[in-house]
Amino acid sequence: MVTGANTGLGFETARALADHGAHVVLAVRNVDKGKAAAARINGDVSVQALDLSSLESVRAAAADLRAAHPAIDLLINNAGLMFPPRSTTADGFELQIGTNHLGHFALTGLLLDHLLPVPGSRIVTLSSNGHRFRGADIRFHDLQWEQKYSRVGAYAQSKLANLLFTYELQRRLEPSGTTVAVAAHPGVSNTELMRHTPRLLQRPVSVLAPLLTQ
């Protein structure tokens, strides 16, 4: 299962897995875009509605997946967003930590018992070296950035949360010996993740991205 698999890194990941014979679930917010992506992949793929900014949607998606797939070999927590104007999830969380971390945290927990019995199963969470931006930490005193919003700082916090979650999850999984949790920094990639780049930087990014990114 790959979240955010209709475009960018998620799509390329799903396509590579399908090329190697996996049945891949494209978990996407927009089902029509998910179906269009699935049509471009040669292999055994299906589409699952999932909006990580809504815990109700996460619960519904997890219920569907649990019913359809008694065993899950691989969960790739890929979906995310970067630098949007301040807004909140359906549950009132700041959008970046709510989507990038809390939605995946909930999804992983709801699917975990279908991963644990599978030898070699793996949970991969896409983080970023962006967790170092602005000396990021977890702002427990203002987790939702209600006092003074920084789109860069909020992104960095969400990516740091991804890493801390992975380290602690792996610590708890290690005694079971079947499932591992790892995190990845995919490098700077020319994907739709950059669509919320601040306006002053959009022109330089559009020129440089094809030259400097994957």
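Before reading further, recall that the structure is shown in the block above.
Analysis parameters
Residues numbered from 1 in each chain as written. Predicted model: local features only at pLDDT ≥ 70, side-chain atom pairs only at ≥ 80, totals over all residues. Heavy atoms only, no water. Core = buried A, V, L, I, M, F, W, Y, C linked by side-chain atoms within 4.5 Å. Buried < 20%, exposed > 50% of the residue type's maximum accessible area, 1.4 Å probe, protein only. Helix = DSSP H or I, 4+ residues; strand = E, 2+ residues; numbered from the N terminus. Contact = heavy atoms within 4.5 Å. Axes fitted to C-alpha atoms, helices over the stretch in contact; angles between N-to-C directions. Parallel < 35°, antiparallel > 145°, perpendicular 65-115°, else oblique. Left-handed = near helix turned anticlockwise from the far one by under 90°. Nonpolar A, V, L, I, M, F, W, Y, C, P; charged D, E, K, R; others polar. Salt bridge = Lys/Arg side-chain N within 4 Å of Asp/Glu carboxyl O.

Caption draft 1: Layout of the nonpolar core. Core analysis: the biggest nonpolar cluster contains 21 residues, and Met1, Leu50, Leu75, Leu107, Leu111 and Ile123 have the highest contact counts within it. Only strand S2 (24–28), helix H3 (55–68), helix H4 (95–115) and helix H5 (151–173) provide two or more residues apiece to this core. Each residue touching Leu107, except ones within four places of it in the same chain, is listed here: Met1, Thr3, Leu50, Val58, Ala62, Leu75 and Asn77. Counting 14 residues, the second-largest nonpolar core is a separate cluster that includes Ala18, Val28, Ile41 and Leu126.

Caption draft 2: How the structure looks around the packing of H4 against H5. Between H4 and H5, the shortest axis-to-axis distance is 7 Å and the interhelical angle comes to 20 degrees. For the element pair H4 / H5, the angle class is roughly parallel. Along this stretch, H4 crosses H5, giving a crossing that reads as right-handed. Between H4 and H5, the contacting residues are Gln96, Ile97, Asn100, His101, Phe105, Thr108 and Leu112 on the first element and Arg151, Ala154, Tyr155, Gln157, Ser158, Lys159, Ala161, Asn162, Phe165, Leu169 and Leu173 on the second. For the contact of H4 with H5, the per-class residue count stands at 9 nonpolar, 7 polar and 2 charged.

Caption draft 3: Representation of unusual backbone geometry within the structure. Even without glycine at this site, Phe83 takes up a positive phi of about 65 degrees. Looking at the secondary structure, you find Phe83 in the loop between strand S4 (74–77) and H4. You can call Phe83 buried: its relative accessible area is 11%. At Trp145, a residue that is not glycine, the phi angle is positive and equals roughly 55 degrees. Tracing the sequence through the fold places Trp145 in the loop between strand S5 (122–126) and H5.

Caption draft 4: A look at the side chain of Thr89. In this structure, Thr89 sits in the loop between S4 and H4. Sequence-distant contacts of Thr89, defined by excluding residues within four places in its chain, comprise Ser53, Glu94, Leu95, Gly98 and Thr99.

Caption draft 5: Up close: the pattern of salt bridges. Applying the stated criterion to the full structure yields 5 salt bridges. As a salt-bridge pair, Glu12 and Arg15 come within 2.8 Å of each other at their nearest N and O atoms. Here the residue Glu12 and the residue Arg15 both occupy positions in helix H1 (residues 8–19), the gap between them amounting to 3 residues, near one helical turn. In this structure Glu12 comes out as partly exposed when scored by relative accessible area, which is 42%.

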